Structure formats: structure tokens, C-alpha cells
Amino acid sequence: MLDLFPSREAGPFGRRLKRERGARIPVTVVTGFLGAGKTTLIRRFLQSPDGAGTAVIVNEFGAVGIDDALIRDSAEETVLLGNGCVCCITRTDLQLALRRLVFDRERGTVPPFGRVIIETSGLADPGPILQTFSTDRALGGEFHIDVVLAVVDAVNGRAELESAAEARKQVIFADRLVISKADLATETAVGTLTRRLRVLNPRAAIDIAVAGALEPSHIVEPTTSERSGFVAEAEHGDGIKSFVIVQDQPVDWQIFSRAMETLIALRGADLLRAKGILNVAGCRGPVVVQYVQHLSHPPVELERWPASDDDRVSRLVFITRNIAEGDVTGLFAAVAALAKTQS
Amino acid sequence: MSVAENSPLTKGYQPVIWNFKLLAHDMLAGFGGMGEGMSVQIAPDGRRIIWLAHESAPKNFTAVDVSDPRKPKVVCQTDLPHANMRSNSLETCGNLMAVAYQTSKKNSQPAGFELFDISKPENPKSISFFDCSGPHSRGVHQLWFCDGEYVHCSSGSRDFVPTHPLDDQFYRCIDVRNPSKPVEVGRWWMPGTRQGDNVMPPSRHPIDKGFRAHNCNVYPQRGDRCYLAYIDGGMFVLDISDKANPKKVSSWTNSPPYTGFMHTIVPLFDRGLMLITDESTENNAKDWPKLIWVLDAREETNLVPIATCPLPDPAVYAQAGRFGAHNIHENVPLPTAWHSDQIVLGTFFNGGLRAYDISNPYQPKEVGVFMPPAPPGAPTGTIQMNDVFVDERGIVYAVDRHVGGLYILEMDF
């Protein structure tokens, strides 16, 4: 779009933000199988000082809704969706629920909330939920997913991971993993589960809930794993792979975006999630990019690189289905070579 | 639009902190009723001092050491000579400070502005007083002083007889290059507001606040322009390349149908935009809507309003005190001030402090709100946020009009 009012203060991706979500409302998506302890975890968070001003959206499928007694006068608004899975049939309901929250807040009919927690049903596939937040046209203009958290039961979780593809996917997509009911399992069982989780998702922080509760910041603060961790290509079963592409040299945005467009055009359905920070040539701060299948989040340039990130290396984590790391790096190399020879 | 009966907001004032972090709050030794003068000085000893004008007597100005924004410390607080005056506005430039004095009645003293040497913040020393009193004058309401050379102010004068008693203050430019002997070099008033003008006086507005000058901002990017708000007269762009003979370049007003009291003009030079604020002056939002306007100013002789910064439902806020726009951070051209053409920060009385992203100027978007709990003793039972200043570190200072004093914040967006 022709910019009639250009600003030297803005970068190529618009206003530089202090953090990835800018001013958008932070969202924590809590996944986990039936009985894993999601509701308990959320309840305990709401009871903590950090839980004030939180709106909770609960998918009721087979789970106990948040008790009305827990809804504080001025802090939370709970929207109970109808039966069904948030991830598919009720995805529209999720959008409506979130839009209604914003609308009611503007009208003054719900208290001014500053955070949303979405408790998904046990069978939820987090992918479509993430898609819902990808674009401004949907919810991306108002909300930003800060944390995708998966709760795994220490007693039954190991078996569920083996038997249910949805459970594996929840773990693979998560930014944070929480082992619940550790006090009911043996130390050995917890250790085995932790190792299995680490294999499935080497990027995510793993916490152990104590009496159903977790340090509140671990429920709401985004992790920075893309910035620091190195992940070797890992095969998770179901054809799902995760790997990290690292580039020392500044990224040419035109080449990068063309390569991603090609990847999405050819294999968007199998690009389950890609997220990372790029050192884009010409940009002062790191550029955060995120893709969920066919949708890409608008890129965001941050004001500055973290002090701990003085090497300014670009890192992009991919979670794919039947797309190998070599396929992606080969695509990037081919696009770069074609662009180079164009002139 | 009415608020639902079960709305928690109908139960009373609800504090909101959204995308701001409160670093500190200082009630300023019990004298926390603050005006619209805020300026940051780096003192010769390296301390960072914010100078604050008071809304009304008994205090004149207060200096606060904000070197550590989490631990503000009042280092100086001065008294006015009497209760029938106020020093609503001040500016600093290096170790010089100009303070506006406005009396409640005409033909009173001291009406004008005073220059201080503030090289020792604990002990400001008066250098001179520029008298603006007169039979039809209340003195100076607001001043602009950023280059160390000229004070641009909204002022009356001994020789100015307005056509209406409310139209007593006009634009004056005072040379203070010799700070001990300020000299007027130029003036401009809206035609029709001075007796003897060859045009008819302007028609009064239903809520009549006067056709007189308010903020008169001058920026080095266009040193030949003064951006003059004229309350019920709208705004004017003046050519001041010849300071002795300011000339009107263009003007714009929203009133009627709006309710006047245009307050501040902030040009965003790089972007060809202009921000214009009204001031809410009536309790219970009787003068609603009072807004921050965004104008396309690429052609300065044809200013085009393209957007306003959105405000919440006035019904929610029209319960106590004022609600609506007032001051905004003005990108004061000093090294101690933050400069942005992407973010607008404004104070809205009981609507608190609000921040807007104007990266798309056609669709300003609210990105932050700070409505603290009503300070102890607040007569309206709410905050009445009056003014805001952001230093070059991005630290935000906001003041309450009645009792709340100084709030120090970080932007978090």
C-alpha cells in the first residue's frame, strides 16, 4: 500500500514493538488430555494475584467448567462454550466468544480484562486454534497467543502419548509442558515421562505442578526457546518432525518471504507451525515471524535485540509433517540462487 | 448509549492499568494538584529533575529528582505570593526556567512570566519578571520556551482591549536572549477579538470559553511557524519568519458543531500529520466529545481531519469530574524529551492516561490505559489526569489535576 505518511521512526514492518505481542491481549492456550489437571491449574492461577483481570474461555466437552464461585466480581469473565471441540466444530464459537469479550469490554459490560486463558477440550488439536489467531481478519489484531501450554498427567500421560496422536500433537505444539499429578506417580515414571516429552518437544520448558499449581509466570510468560535453543531434527511419529534452521548472515527479506510463500503454496497443510526471529537485512531489531499451515502472522520488528542475543543469529523452528529439514534448506538455497542470478 | 445495569462500571470508578507499568507515585508532599507545565532538566550535577507547574495556589512549582524513576524525591516546592493567581505552565531550557503567572482577576499582580536560574534545583533564583498585567489582562496562561531565546505565550497586555472579556489572551513572542531584560518582539490575535479591529467579533459558542490563545508551539523543523491553538477560535498556523509581524497561513476548527476549547497543536513533520487536542472543561462530560484529532497536514493551507483517537463510552465516565481530551505529549524539541510520530500519549481527566498507535493515521488504535485508583482526597472520587510528559528514556510522567501528584510509568507496548 502506498504510504502517504511515511515515518523514519518505523521500520519496514511498521512500528517497532517492545515485545512480540505489542499491545494485543495476551492469550494462554491450555491443552492436555481429559483429567490431566488443566482446570485445577487454571483455578490455582486465577486465585493468585497474577490471575486478576483474566478472562477464561472454557470448552466444556467432558470437562468440569470453571466454578462460578471462582469468578471474581471485577477480575474475570468466563464464557462457557457449548458442547463440542474448540478446535474444529466450535472454532467459530471461539472467535465469537473472544469478539464478544472485546465488544462487551468496550461497552463497559464486562470488567476491563487484560488476559485470556483458553482451556481446550482434551481432544483438541492446537493447530487450528493457532490458525484462528494468525491474521488480523480473524483475531490476530486484538489477541496474541503468548503461551501454548500442555498439561500431561504423570500417571496416565505416558500411555496416552503412545496411544493418541492428539496427545502427541499437543505436546509437540506446546511452548511449555507441565507434568501434573507427579505426587501420585513414582519418581521413575516421572523421569521416563520427562524423557519422552523431551524427545517429542526439545524446545519447550518442562515444569512439574505442585498440588495442581504452577508458578503463575510460567502460565503467562512466553518462553524464549527459539532464541536460545538448538534442536536437532527430531522425528515424533505420525510423520511429524521438528527442526531449527539457523543463519548467521542477515536475512534478505525478499528471498526469505518468497521461499516461505513457495513452501506454503506447495505444502502449507504440512507446515504445522514455524516460528522464529530473524536478523533481517536493514532492520534494527529482530523480526519475529510465525506461520501456521497456510497462514502467516504479520511480521513484527522488535525495538531491540535482547542483550543475551548479541550474536544476532536468525533462528526458525519448524514443526512439519513429512517435510524434512533438507527439503526446506534446499528450497531456501534454490530461491536465493535464483534471486542472485536474476540480475 | 446506556451501560448495562449489571456493569461493574456502574458501581463506580474502576482503575485500569493496561500496557503501562507503574514505577512510582508521589503525592508531592500533599500538594498534588498539578497544572499543565512539565519539563525535564539535567542539572549541572547530573541529576535528572522534572519541574512541575501547579494547577492552583498555594504552590507555584515543584521540582522532583527522577534520576531513579522508581524513587522520585521532591527537592524544591515554592509558594505563590497570594491565592488569587496560578502558575499553570512552565518550561525549562538548560538551566533557565520560564513560569507563567495568571491572576484570577484582571488588573492584578503578578501577571506575566518569571525567569529563573535553576542551576541549583533546590534553590531557584529569579532572574527577571516580564509584566503582562493591565486593566483587561490576567497575564500569561501558557508558554512555550525551548530554544533559550524566545518565549511564545498566550498572554494579555496593558494595551490590549478585547471585544469580549473572555478574549483577553493572545499570542505574544518575547525575546529573552538577555534573560534579565525580556522584550516583546511580536504579537498576533484573532481578527475581531480586539477593539478597533476592522472585522466583526466572532460569534460566541453555546458553551462560551473565549476566543483566546492557548498553546503556541514552535519547533526547529519549521522555526518559521507557530502552531497556535485558540480555544473557541480553533487553531491557526502562523508564519513567524518575521517575528515582529506574524501572519496567518491557515486555520482549522471543529466548532460548531463541536464545543470549542482547542488546546494543543503538535505537528508530526516527517509524516505530514498534525495532532490537535480539545480540552474538556465541563464536569460530567457535558461538553462531550472532546477528542484528539489527527489531521492530514501535507498541505499546510488545506488541513484535512482524517481521524480521532477513540475513547470509551462517555456514559461510563460521565459520573464524576471531567472526561475527555486535554494535554498530549508534545515532542518538545529538547534532548530530554521523547519524540515519536507513531505513538500519541494523552490525558483525559477521569479517562486517565491513554496511549494510541497512529502508525496507520486513519485508524488510531488504543494501546495503553492508565487509570489509577482515585488518589486519597480526590474530590471527584476518580483520577483527573491533567498532563503528560515523556523523557528521552521513554519514562512517562503524568499528573493529576486535583490531589494525586505525580505518576511515573513505563510504556509496555
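Owing to the predicted nature of the structure, the values given are computational and were not obtained by experimental measurement.

1. Some thoughts on the overall build of chain A
In step 1: For chain A, the count of helices and strands is 10 helices and 14 strands.
In step 2: Going through the 343 residues of chain A one by one, you find that 44% of them count as buried.
In step 3: For chain A, the share of sequence-separated contacts (at least 6 apart) that also reach a separation of at least 24 residues comes to 75%.

2. With respect to the overall build of chain B
In step 1: Assigned secondary structure in chain B consists of one helix and 29 strands.
In step 2: Of all 413 residues assigned to chain B, the portion counted as buried reaches 54%.

3. Observations regarding the interface of chain A and chain B
In step 1: If you look at the interface, chain A gives 21 residues, while chain B gives 26 residues.
In step 2: When the residues that make up the side of chain A that touches chain B are grouped by side-chain class, the tally is seven nonpolar, seven polar and seven charged.

4. Focus: the sheet that holds strand 15 (residues 183-188) of chain B
All names here are of chain B.
In step 1: Strand order in this open sheet of four strands is 12-13-14-15, and the pairing throughout is antiparallel. Either end of the sheet is taken by a strand with one partner, and the two such strands are strand 12 (140-144) and strand 15. Between one strand axis and the next, the sheet turns by 25° as a mean value, whatever way the strands run.
In step 2: Taken together, the five bridges between strand 14 (residues 170-175) and strand 15 define a ladder with antiparallel strand orientation. Residue pairing in the sheet places Ile-174 in a bridge with Glu-184 of strand 15.

5. A short note on helix 1 (residues 38-47) of chain A
All names here are of chain A.
In step 1: Those residues of helix 1 not exposed but buried are Lys-38, Thr-39, Leu-41, Ile-42, Phe-45 and Leu-46. Relative to the axis of helix 1, the buried residues are bounded by an arc of 160° and lie together on one face.
In step 2: Packing partners of the buried residues in helix 1 comprise strand 1 (25-32), strand 2 (54-58), strand 4 (115-119), strand 5 (143-153), strand 6 (176-180) and helix 7 (217-220).

6. Description of unusual backbone geometry
In step 1: A cis amide bond, omega -15°, links B:Ser255 with the succeeding residue B:Pro256.
In step 2: Note that B:Pro256 resides in the loop between strand 19 (247-252) and strand 20 (262-268).
In step 3: Between B:Pro256 and B:Pro257 the backbone carries a cis peptide bond, its omega angle lying at 15°.
In step 4: In this structure, A:Lys181 takes a positive phi of about 55° despite not being glycine.
In step 5: With respect to the helices, strands and loops of the structure, A:Lys181 is situated in the loop between strand 6 and helix 6 (187-200).
In step 6: You can call A:Lys181 buried: it has 22 C-beta atoms within 10 Å.
In step 7: Look at B:Phe261: it is not a glycine, yet its phi comes out positive at around 60°.
In step 8: Positionally, B:Phe261 belongs in the loop between strand 19 and strand 20.

Parameters and conventions
- Residues numbered from 1 in each chain as written.
- Chains lettered and ligands numbered in written order.
- Predicted model: local features only at pLDDT ≥ 70, side-chain atom pairs only at ≥ 80, totals over all residues.
- Helix = DSSP H or I, 4+ residues; strand = E, 2+ residues; numbered from the N terminus.
- Buried ≥ 20, exposed ≤ 12 C-beta atoms within 10 Å, placed from the backbone.
- Contact = placed C-beta atoms within 7 Å.
- Nonpolar A, V, L, I, M, F, W, Y, C, P; charged D, E, K, R; others polar.
- Pairing = 2+ DSSP bridges.
- Axes fitted to C-alpha atoms, helices over the stretch in contact; angles between N-to-C directions.
- Arc of directions from axis to C-beta.

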